[in-house]
Amino acid sequence: MGDMANNSVAYSGVKNSLKEANHDGDFGITLAELRALMELRSTDALRKIQESYGDVYGICTKLKTSPNEGLSGNPADLERREAVFGKNFIPPKKPKTFLQLVWEALQDVTLIILEIAAIVSLGLSFYQPPEGDNAPKAQDGAAMEMQPLKSEEGGDGDEKDKKKANLPKKEKSVLQGKLTKLAVQIGKAGLLMSAITVIILVLYFVIDTFWVQKRPWLAECTPIYIQYFVKFFIIGVTVLVVAVPEGLPLAVTISLAYSVKKMMKDNNLVRHLDACETMGNATAICSDKTGTLTMNRMTVVQAYINEKHYKKVPEPEAIPPNILSYLVTGISVNCAYTSKILPPEKEGGLPRHVGNKTECALLGLLLDLKRDYQDVRNEIPEEALYKVYTFNSVRKSMSTVLKNSDGSYRIFSKGASEIILKKCFKILSANGEAKVFRPRDRDDIVKTVIEPMASEGLRTICLAFRDFPAGEPEPEWDNENDIVTGLTCIAVVGIEDPVRPEVPDAIKKCQRAGITVRMVTGDNINTARAIATKCGILHPGEDFLCLEGKDFNRRIRNEKGEIEQERIDKIWPKLRVLARSSPTDKHTLVKGIIDSTVSDQRQVVAVTGDGTNDGPALKKADVGFAMGIAGTDVAKEASDIILTDDNFTSIVKAVMWGRNVYDSISKFLQFQLTVNVVAVIVAFTGACITQDSPLKAVQMLWVNLIMDTLASLALATEPPTESLLLRKPYGRNKPLISRTMMKNILGHAFYQLVVVFTLLFAGEKFFDIDSGRNAPLHAPPSEHYTIVFNTFVLMQLFNEINARKIHGERNVFEGIFNNAIFCTIVLGTFVVQIIIVQFGGKPFSCSELSIEQWLWSIFLGMGTLLWGQLISTIPTSRLKFLKEAGHGTQKEEIPEEELAEDVEEIDHAERELRRGQILWFRGLNRIQTQIRVVNAFRSSLYEGLEKPESRSSIHNFMTHPEFRIEDSEPHIPLIDDTDAEDDAPTKRNSSPPPSPNKNNNAVDSGIHLTIEMNKSATSSSPGSPLHSLETSL
């Protein structure tokens, strides 16, 4: 304290002398220099400061400030500093406008198909057919309006060019990739079915009218024929609209938005929607220790008092009164008076620790012993302390001298136990009397008390005192070594930052769920290992690694000091604790785990961080968690989710919600694809056999509304259960639709098709009503087709209950009342269905039904529940023909340059749509390559070959048809495995020749030709033309 005061006095003169210069001279250090200084660490930084500025005061002099008093606060001076060094402020991101959000939503693949269908339908409305067909067209437009505003599946070419220039992008989230791929595949199938439907209807009509009935084409009949064609086209559009799963982006958005809102209650503030479902696939969590796994409040947990080792803080009655008195006074006065424990800010919260954490732990011990340190401090104020020897890192102790009223002195000391015990000649015994403390006794305490405490990761502090009698001459107070000796030991206490009580259980859940938890901390390795063992990260007898940052860096770097992925791959699978680590080490570890190819599937890594330096690691991770309480603004800005309570258990909740999102989407898909299969087959078959769809356009759109908007709302809002943590992560390549789900989809579709076709072709006999088949163009609605429509909708309604379970569970009603939204939607849909059927009339092509017909419809609908039990009885393993669907994009399908960090976001939809184009280009390119090889053999000694020219597109190839022997890195996704294998050796070449096959740089086959003048033309070594020809063939 005295040193600091002297420095302050010494420096105040410098500050005063600079007051004038504050307004007119320039600063002696630039922003760039400060930035460069911040890049350096430890000894490098010290060396730089000493070389360039002398010392810290030299920097302060150049910055015209004081290390003790800070800035003067002069407004003019602050303005000038802002102008030179900038504001200490992170500018907020510019939010997207409403129109930009709308435009983004309209880029969705499924929406584009619907937009085209809606535009065509709208255009056809200008033909003005009679009243009955107007409604469907208006409804087609309405179907689009129900789509979500926020969907991230599609992308516009121009926007992508802009994005490329801006920030680097990662691959889209696992779920988005799988969904986009699945949506495109279903969309293609729907487009094919609708095209076939239209073609068959038109051909049937033309052949039947003009061939079989031999009617001539009359000019006056043209409007009628056109009305028929329009009707056929609308049926085709209806099939397409039903087939296209436009509810997918809506289901994803609803599920994520609902989860995000609920996660807020679980202390997870989600900043990026994708992070929510990515967390469900997490395979590794790299967590901080302090504050996340531990409580971030030092606490006395063990004590050695009156010759007893207490594993918990003892009751005050167990301690002799005079020892307790020494303990209370010693701790109260021999801790800085700035260290104190304040009441909690919120009711039910923990008391706040202010000041030195170790001293707060000792003060907390007094509160646990039901004593108040403040009473002692009121009695002995800070001014009354006779002498204070402040703590420093060399002597590792602090001492305070009190002068008693009788002229005697008493000194209280506290410090590292091994240092203070060596200065103790006496110890307070069990009866409270001081007894002799020999070196042998000290060794016993070290072995039986201090070492066991240290092995558990506790910091041991020894508390002692010494009396100076009144009659003796006053000691030489400046000679500290003579004063702090001959002490009497009061107690030895063990202090730690205790593990949060709920953390061990949370980590056990993570491990059971297939997630590896790693601790990355700046603390020493012994404490880290002890805390990791208490948390359950380390288990005795397991093969694991605990490394310090230095050791970690030594193992992962080669002789040149470069990080090698192969070296990281040898370490990370067994690594559980990384101690004394820097933020750079954390980033290196995260990047190494993500980039690793050791395991079958790419690891999905979550990281926690609170400091500004954790930013790169938080950005690099698949999901970055920032601390809401201890975290800096920079860390929060770099993160995906903010933990508002800084607690590890909140991460486990995030995993649960992420997996729930994934399962909710799968439930919705199981339900929707069943409706899709049935509706498309019914519309297609019905149209081809009866020249009319049994389900009319408006009815189809109501079915679409049930299976898209309402079903996504009902199934995407299922609350998560603990059972989600009993399985391993799905991983990036696991299909969205499992074989069990495919069994459910096909099984229920079979039941529904049998019911619908039975009603369609035999229903009129069963119910004794008029047939609705082969009705004239504008015939009124029939009871027959209304029963078909009603039964179909009720089957979907009951199948929605079946869809709640996707893993073959029998009890589909389990937890149904926990989801009020689901119950409301199912009941609400049923009520609306009654209104549509009974009062819908011509607009909905419905006729009123009797009670008996309603009961039959409900009975056939409920049959899906019984049929579901039958399906779950059949073991999936027996059904070999079942295939999975909705796989993630395999790594080999993504070109290497797209995997690079500096490339824009990978768009799975675009890749899927370009697949045919790629195959065409590759075929053309293979022929091209082989002709080039033949030409190369023709030319004697390869003379006269021109240098490769830069050609950038297929159009250039057409205008410059000559061929060259060329070399290029592939720029296209390799579709077959042989290409991937052929391409592998060329990737490993250290320096491939300049690129030639730029006639079509989008389609290089990966075959590299090298001309070597000194080698025989017949050489078949790798790299020779002949070898390349063999490879291509």
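A count of helical and extended segments in the protein gives 38 helices and 19 strands. Contacts in the protein between residues far apart in sequence, at least 24 positions, make up 74% of those at least 6 positions apart.

Turning our eyes to something else, we now look at the packing of helix α28 (residues 648–690) against helix α30 (residues 739–767). Two numbers describe how α28 lies on α30: the axes approach to 9 Å, and their chain directions differ by 35°. As α28 packs across α30, the resulting crossing turns out to be right-handed. In contact with S666, Q670, L673, T674, V677, V678, I681, V682, T685, I689 and T690 of α28, α30 contributes M741, N744, I745, H748, A749, Q752, L753, V756, F757 and F761. Considering only residue class, the contact of α28 with α30 consists of 13 nonpolar, eight polar and no charged.

It is worth spelling out the side chain of S782 at this point. Within the secondary structure, S782 sits in the loop between α30 and α31 (783–802). If sequence neighbours within four positions are ignored, S782 has contacts with G772 and S847.

Turning our attention to the layout of surface pockets. The method is simple in principle: a probe with the dimensions of a water molecule rolls over the atoms, and the space it marks as empty is what remains. In this structure, the second largest pocket occupies an estimated 1,200 Å³ of space. Lining of the second largest pocket is provided by 43 residues; of these, N356, T358, F391, R459 and I461 occupy positions nearest its centre. Looking at the lining of the second largest pocket, the elements with two or more residues in it are α16 (357–368), β9 (409–416), α18 (417–422), α19 (439–455), β12 (459–468), β13 (487–496) and α22 (525–535). Here the lining of the second largest pocket takes four residues from α16, the largest share from any one element. Tallied by class, residues from the lining of the second largest pocket come to 18 nonpolar, 13 polar and twelve charged.

Within the secondary structure, D595 sits in helix α25 (residues 583–595). In the structure, D595 is positioned 30 residues away from Q565 in sequence and 7.8 Å away in space, judged by C-alpha atoms. When residues no more than four places from it in sequence are discounted, the contact partners of D595 are Q565 and K620.

Helical geometry: 3.6 residues make up each α-helical turn, so side chains three or four residues apart lie on a common side. For α30, the principal kink sits at F761 and spans about 65°. Remark: D768 follows α30 within two positions and exhibits a positive phi of approximately 55°.

Moving on, we come to the environment of C846. The residue C846 is located in the loop between α32 (820–839) and α33 (851–873) in this model. Using a relative accessible area of 4% as the deciding quantity, one classes C846 as buried. Here the alpha-carbon distance between C846 and P781, two residues 65 residues apart in the chain, equals 5.4 Å.

Time to look at the packing of aromatic side chains. Across all of its chains, the model carries 24 aromatic pairs by this definition. Summarising the aromatic geometry, the rings of F27 and F85 are spaced 5.1 Å apart at their centres and angled 50° between planes, so their arrangement reads as tilted. With F27 in the loop between α2 (21–24) and α3 (31–39) and F85 in helix α6 (residues 75–85), the pair connects residues that are 58 residues apart, well separated along the chain. Here the two residues F27 and F85 agree in accessibility, since each one is buried.

A separate point is the nonpolar core. One finds M279, I537, F625, F648, L669, I737 and F789 to be the most contacted residues of the largest nonpolar core, which totals 121 residues. Looking at which element gives the most residues to this core, the answer is α28, with 20 residues. Ignoring anything within four residues of it in the chain, the contact list for F789 reads L695, Q699, W702, V703, Q833, I836, V837 and C846. Residues A303, I331, V376 and I495 belong to the second largest nonpolar core, which totals 36 residues.

Okay, the pattern of salt bridges next. Pairing of side chains with opposite charge becomes possible as their charged atoms draw close. One pass over the structure, following the stated rule, counts 26 salt bridges. Measuring nitrogen to oxygen at the nearest pair gives 2.7 Å for the salt bridge that ties K534 to E496. Of this pair, K534 sits in helix α22 while E496 sits in strand β13; the two residues are 38 residues apart in sequence, bridging distant segments of the chain. Since its relative accessible area comes to 9%, E496 is described here as buried. One connected set of salt bridges, linked through shared partners, spans D288, K586 and D614.

Buried residues dominate strand β18 (residues 623–627), accounting for five of its five residues. Of the two faces of β18, both are covered, the one formed by V623, F625 and M627 as well as the one formed by G624 and A626. Looking at chain direction, strand β17 (residues 605–609) and β18 are connected through four bridges and run parallel. From the neighbouring strand, G609 faces β18, where its bridge partner is A626. On the question of chirality, the crossover connecting β17 to the parallel β18 by way of helix α26 (residues 615–620) is right-handed. Handedness of the β18-helix α27 (residues 633–638)-strand β19 (residues 641–643) crossover: right-handed.

Taken together, the side chains of I199, L203, I207, W211 and V212 define a hydrophobic patch exposed on the protein surface, amounting to about 560 Å² of accessible area. Following the sequence through the fold, L203 ends up in helix α11 (residues 174–212). You can call L203 partly exposed: its relative accessible area is 47%.

Okay, the confidence of the model for the protein next. Averaged over all residues, the pLDDT of the protein is 77; the fraction at 70 or higher stands at 77%. Note on residues 1–25: pLDDT under 50 across the span, and 31 contacts to partners over four residues away in sequence or across chains.

Each strand in a sheet pairs with its neighbour through backbone hydrogen bonds, running either in the same direction (parallel) or in the opposite one (antiparallel). Reading across the sheet, the eight strands line up as β1-β19-β18-β17-β2-β14-β16-β15 and stay open at both edges, with mixed pairing between neighbours. The outermost strands of the open sheet, each flanked by one partner alone, are β1 (268–270) and β15 (545–548). Strand-to-strand twist of the sheet, defined as the mean angle between neighbouring strand axes without regard to direction, takes the value 20°. Sheet topology places strand β2 (residues 284–287) next to strand β14 (residues 516–520); four bridges connect them, and they run parallel. Bridge pairing links C286 to R518 in β14.

What follows covers the packing of helix α21 (residues 503–512) against α28. Following both chains from N to C, one finds α21 and α28 inclined at 30°, their axes separated by 9 Å at the closest point. If you check the angle between α21 and α28, you find them roughly parallel. Both α21 and α28 take part in a crossing whose hand is left-handed. Residues V503, A506, I507, K509 and C510 of α21 lie in contact with α28, whose contacting residues are F648, T649 and V652. Split into classes, the residues belonging to the contact of α21 with α28 amount to six nonpolar, one polar and one charged.

Positive phi outside glycine occurs at K214, with the angle close to 50°. Phi at N267 is positive, roughly 65°, even though this residue is not glycine. Here N267 shows up in the loop between α13 (247–265) and β1. Look at N267 and you get partly exposed, because its relative accessible area is 27%.

The next thing to look at is the pairing of β12. β12 sits mainly inside the fold: seven of its ten residues count as buried. The pairing of β9 with β12 spans eight bridges and is classified as antiparallel. Looking at the pairing, Y409 lines up with F468 of β12.

Per the counting criterion, the structure on display carries eight cavities of 30 Å³ or more. The calculated volume of the largest cavity comes to roughly 130 Å³. Those elements that provide at least two residues to the lining of the largest cavity are α30 and α33. Its residues assigned to classes, the lining of the largest cavity shows three nonpolar, nine polar and three charged.

What follows concerns the environment of I323. Structurally, I323 can be placed in helix α15 (residues 321–333). Accessibility expressed as a relative area gives 0% for I323, which makes it buried. Distance from I323 to E433, taken between C-alpha atoms, is 8.7 Å for residues 110 residues apart in sequence.

Checked against the element boundaries, N744 lands in helix α30. Looking at N744, the relative accessible area reads 10%, which means it is buried. Among the polar contacts listed, one links the side chain of N744 to the side chain of Q670, at a separation of 3.3 Å. Residues within four places of N744 in sequence aside, it is in contact with Q670, K805 and I871.

Cut-off values and rules
- Residues take numbers from 1 onward in each chain, read along the sequence in its written order.
- Given that the model is predicted, a residue must reach a pLDDT of at least 70 before its local features are reported, and side-chain atom pairs must reach 80 or more before they are shown or counted; all residues, however, enter totals for whole chains, interfaces and linings.
- Water and hydrogen atoms were dropped before computing side-chain values, which therefore reflect all heavy atoms in the structure.
- Put simply, DSSP marks the helices as runs of H or I at least four residues long and the strands as runs of E at least two long, and each gets a number from the N terminus on.
- We call two residues in contact when some of their heavy atoms are within 4.5 Å.
- The angle between two axes is taken between their N-to-C directions and runs from 0 to 180 degrees, where each axis is a line fitted to C-alpha atoms and a helix contributes only its stretch in contact.
- Two helices crossing with the near one rotated counterclockwise from the far one by less than a right angle form a left-handed crossing, whereas a clockwise rotation gives a right-handed crossing.
- When residue character is reported, Ala, Val, Leu, Ile, Met, Phe, Trp, Tyr, Cys and Pro are called nonpolar, Asp, Glu, Lys and Arg charged, and the others, Gly included, polar.
- Both site types are read off a 1 Å grid over the protein atoms alone. A 1.4 Å probe that fits but cannot get out defines a cavity, while an open set with protein on both sides within 12 Å along at least five of seven lines defines a pocket; lining residues have an atom within 4 Å of a point.
- Grid points are joined across faces, edges and corners, and a volume is the space filled by probe spheres set on the points.
- The angle between axes fitted to the seven residues ending at a residue and the seven residues starting there is what we call the bend at that residue.
- Accessibility here uses a 1.4 Å probe with only protein chains present; expressed as a share of the type maximum, an area under 20% marks a residue as buried, one over 50% as exposed, and anything in between as partly exposed.
- Centre distance within 6.5 Å is the pairing criterion for rings of Phe, Tyr and Trp, where only the six-membered ring of Trp is used; planes under 30 degrees apart are then read as stacked, over 60 as edge-to-face, and the remainder as tilted.
- Buried residues of nine kinds, namely Ala, Val, Leu, Ile, Met, Phe, Trp, Tyr and Cys, make up a nonpolar core once their side-chain atoms join them within 4.5 Å.
- Definition used for salt bridges: Asp or Glu carboxyl oxygen within 4 Å of a side-chain nitrogen of Lys or Arg.
- Between any two strands, at least two bridges found by DSSP are needed for them to pair.
- Crossovers are described as right-handed under a simple rule: with the strands pointing away from the observer, the path leading from the first strand over the helix to the second runs clockwise.
- Like-charged residues within 9 Å of one another, or nonpolar side chains (Val, Leu, Ile, Met, Phe, Trp, Tyr) within 5 Å, are grouped into patches, provided each residue has over 30% relative accessible area and no salt bridge.
- For the accessible areas, the method is Shrake-Rupley and the probe is 1.4 Å, while residue cover comes only from the protein chains on display.
- Confidence of the predictor in every single residue is expressed as pLDDT, which spans 0 to 100.
- For this classification, under 35 degrees means roughly parallel, over 145 means roughly antiparallel, 65 to 115 means roughly perpendicular, and everything else is oblique.
- Here a polar contact is taken to be a pair of N or O atoms separated by no more than 3.5 Å, where protein atoms must pair a possible hydrogen donor with a possible acceptor and residues adjacent in sequence count only if both atoms sit in side chains.

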